[in-house]
Amino acid sequence: MNTYLWTATLLACFLARGLGLGHGDPIVDLCRKNIADANLEEALGKLARDKIVIDLCDNQLENIDRDVFRRFYQLEGMLLNDNPDLGFPTDGSPFLVIKSLTELQCVNCGVEKILKGSLQGLPKLVRIILNHNRITDIEKLAFRENSELRLIDLKHNFLERLPNELVEGLRNLEQLDLSFNRKLNVDGDQPFLYSSTLKELKCEGCGFTVIYEQTFAKLPNLRKLDLKENYIESVQSNAFQLMCNLEKLWLQNNQLVSVYVELPNSDKLQLCLENNTDQLLCEVQKLERWHKFQCQIETKTVVDCAQFTEPPTEPTTLQTEISVFSLNESSTTTLTTTVPTPPAEPMVISDCYISSYLTIITLALIGAVVIVVGVWLKKKKYDSELKLNSLARTALNQVQSTYL
């Protein structure tokens, strides 16, 4: 009896560990086996063809032969995590060809680009997890052959822009995680993505600064939108008006100063606004149920809101004396009138000053003309100085009568 129990326990341990020695458990653990490209086929040759999941984590894989897994006709899961030099082919050819595969994990690998042909050999793919890679570019047709996709995880990469048609046509897609692509943003007031089925979009720790009216307008079925820890300063009016199914919106840890009034007044929306600017907190605290926007346990709720209140303009008091006369006596009544202080008028130059300056300039020009005429006459050798002076005086009078 004891021998039977020991044997059963040992077999259970083998199956639980998934040693996969050709038969038995359909999950094969080949992690940390020092498997490289050269001996991968040999390691796989020892396995039965009916394996469902193969785990090749933490090896030295770099360029896998795309056909090396063809004989595993039931293979559904491929785990390639922690192969830091493993990437997709740079020529756009398929990374793998496994018609039955539904989940691909390549966490902490060396993927830099996803081209339009990279995943075309995986038509049944439902989940793809590529976080903590070095992805900088994804072509707009990269997922065109993966119509069964429901989840795409691309967090912790180096994406800055995405083609807004990237997930258009993926009619089963529900979850997309783009968190911690620190520079990921949208160019102006245009749709970030097109999708009629996407329910959850995560972009925590991305690079958004403004939420425009069109930014998420083409995601009508979205339920959850996570925009924590961005650099958002403003949300334009009606930015979420077309998202009728939105239930949760996380905007905490941004730089918001205000939000349009319809947003916090929505009863069905769970809105998180804490850890933005003090000015936003003061605006939110004016609302009747402002505590519902504080979604974190520890958050700042005390702030001096007086600094954001503009002091009223003090009126100026003027005293005016009015003299009242009658047939018998006269008296002087002082009437106190309060009038607002008029705004300071811009300083202007009066017409009188302009006229004086023009007169001075005109006289200077006349003097210059007289001097020039005198010099010219002397050069003509007029003998009579009296004649010269008479001619100059006549010229001066003529010019003065003309301008003055």
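Residues numbered from 1 in each chain as written. Predicted model: local features only at pLDDT ≥ 70, side-chain atom pairs only at ≥ 80, totals over all residues. Heavy atoms only, no water.

Student: Could you clarify how one ought to interpret the overall build of the chain in this entry?
Tutor: Of the regular secondary structure elements, the chain holds five helices and 17 strands. The burial tally for the chain puts 37% of its 404 residues in the buried class. Sequence separation of at least 24 residues holds for 54% of the intrachain contacts in the chain that already meet a minimum separation of 6. Put simply, the chain shows about 24700 Å² of open surface, and 53% of that area lies on carbon and sulfur atoms. (Helix = DSSP H or I, 4+ residues; strand = E, 2+ residues; numbered from the N terminus. Buried < 20%, exposed > 50% of the residue type's maximum accessible area, 1.4 Å probe, protein only. Contact = heavy atoms within 4.5 Å. Areas by Shrake-Rupley, 256 points an atom, 1.4 Å probe, with all protein chains shown as cover.)

Student: Please explain the sheet that holds strand E9 (residues 175-177) as it appears in this structure.
Tutor: Strands belonging to one sheet form pairs held by backbone hydrogen bonds; the direction of such a pair is parallel or antiparallel. Judged by pairing direction, the sheet is parallel, and its eleven strands sit side by side in the order E1-E2-E3-E4-E6-E8-E9-E10-E12-E14-E15 without closing on themselves. At either margin of the open sheet sits one strand with a lone partner, and together these are strand E1 (27-29) and strand E15 (270-272). On average, each strand axis in the sheet is inclined to that of its neighbour by 5°, with strand direction left out of account. Pairing geometry for strand E4 (residues 103-105) and strand E6 (residues 127-129), over three bridges, is parallel. The residue of E6 that forms the bridge with Glu103 is Arg127. (Pairing = 2+ DSSP bridges. Axes fitted to C-alpha atoms, helices over the stretch in contact; angles between N-to-C directions.)

Student: Explain the environment of Leu280 here, please?
Tutor: Among the secondary structure elements, Leu280 is positioned in helix H3 (residues 278-284). On the basis of relative accessibility, which here comes to 2%, the residue Leu280 falls in the buried class. Separated by 23 residues in sequence, Leu280 and Val257 place their C-alpha atoms 4.7 Å apart. Ignoring any residue separated from it by four or fewer positions in sequence, one finds Leu280 in contact with Leu256, Val257, Ser258, Val259 and Leu273.

Student: Is there a simple way to think about the state of the cysteines in this case?
Tutor: The bond known as a disulfide is covalent and runs between the sulfur atoms of two cysteines. Within this structure, the stated rule accounts for four disulfides. Each disulfide pairs two cysteine sulfurs, and for Cys106 the partner residue is Cys109, the sulfurs being separated by 2.3 Å. On the sign convention where negative means left-handed, the S-S torsion of about -110° between Cys106 and Cys109 marks this disulfide as left-handed. You can call Cys109 buried: its relative accessible area is 2%. Through a disulfide, Cys272 is tied to Cys295; the S-S separation comes to 1.9 Å. Torsion about the S-S bond of the Cys272 and Cys295 cystine: about -95°, corresponding to left-handed handedness. Of this pair, Cys272 sits in strand E15 while Cys295 sits in the loop between H3 and strand E16 (316-325), and the two are 23 residues apart along the sequence. Judged by its relative accessible area of 33%, Cys295 is partly exposed. (Disulfide = S-S within 2.5 Å.)

Student: Sorry, what's going on with the environment of Leu256 here?
Tutor: Along the chain, Leu256 falls in the loop between strand E14 (248-250) and E15. Separated by 24 residues in the primary sequence, Leu256 and Ile232 have C-alpha atoms spaced 6.0 Å apart. Leu256 has contacts with Ile232, Glu233, Ser234, Val235, Leu251, Leu273, Asn276, Thr277 and Leu280, leaving out every residue within four places of it along the chain.

Student: Would you take a moment to explain the confidence of the model for the chain for this structure?
Tutor: With 69% of its residues at a pLDDT of at least 70, the chain reaches an overall mean of 81. Contacts of residues 316-339 to residues separated by more than four positions or lying in other chains number 33 contacts, the stretch itself having pLDDT below 50. For the stretch residues 344-348, pLDDT sits under 50, and the model shows zero contacts to residues farther than four places along the chain or on other chains. (pLDDT = per-residue confidence, 0-100.)

Student: Mind showing me how you'd approach the nonpolar core here?
Tutor: In summary, soluble globular proteins display a tendency toward joint burial of nonpolar side chains. Ranked by size, the top nonpolar core spans 81 residues in total, and within it Ile54, Phe69, Met78, Leu104, Phe216 and Phe240 carry the most contacts. Contributing elements (two or more residues each) for this core: helix H2 (40-45) and H3. No other element matches H2, which puts three residues into this core. Not counting residues within four places of it along the chain, the set of residues in contact with Ile54 comprises Val28, Leu30, Leu44, Leu47, Phe69, Phe72, Leu75, Gly77, Met78 and Leu79. (Core = buried A, V, L, I, M, F, W, Y, C linked by side-chain atoms within 4.5 Å.)

Student: I keep staring at a nonpolar patch on the surface and nothing clicks. Help me out?
Tutor: A surface patch of nonpolar side chains, about 310 Å² in accessible area, is lined by Leu358, Ile361 and Leu365. Along the chain, Ile361 turns up in helix H4 (residues 351-379). (Patch = residues over 30% accessible without salt bridge, like charges linked within 9 Å, V, L, I, M, F, W, Y side chains within 5 Å. Salt bridge = Lys/Arg side-chain N within 4 Å of Asp/Glu carboxyl O.)

Student: How do you make sense of the packing of aromatic side chains when you look at a structure like this?
Tutor: Ring pairs (aromatic) are described by centroid distance and by the angle formed between their planes. Summed over all chains, the structure comprises five aromatic pairs. Judged by centre distance (4.6 Å) and plane angle (40°), the rings of Phe88 and Phe95 are tilted. By the burial criterion, Phe88 is buried, and Phe95 matches it. In textbook terms, an aromatic cluster arises when at least three aromatic residues are bridged by ring pairs, as seen for Phe192, Phe208, Phe216 and Phe240. (Phe/Tyr/Trp six-rings, centres within 6.5 Å; stacked < 30°, edge-to-face > 60°.)

Student: What exactly am I supposed to notice about the pattern of salt bridges here?
Tutor: Side chains bearing opposite charge may pair, as long as their charged atoms lie close to each other. One pass over the structure, following the stated rule, counts eleven salt bridges. For Asp177, the salt bridge goes to Lys155, with nearest N and O atoms at 3.7 Å. On the criterion of sequence distance, the pair formed by Asp177 in strand E9 and Lys155 in the loop between strand E8 (151-153) and E9 is long-range, its members being 22 residues apart. By relative accessible area, which is 13% here, Asp177 ends up buried. According to the relative accessible area criterion, Lys155 is partly exposed, its value standing at 22%. The salt bridge partner of Lys202 is Glu200, with a shortest N-O separation of 3.5 Å.

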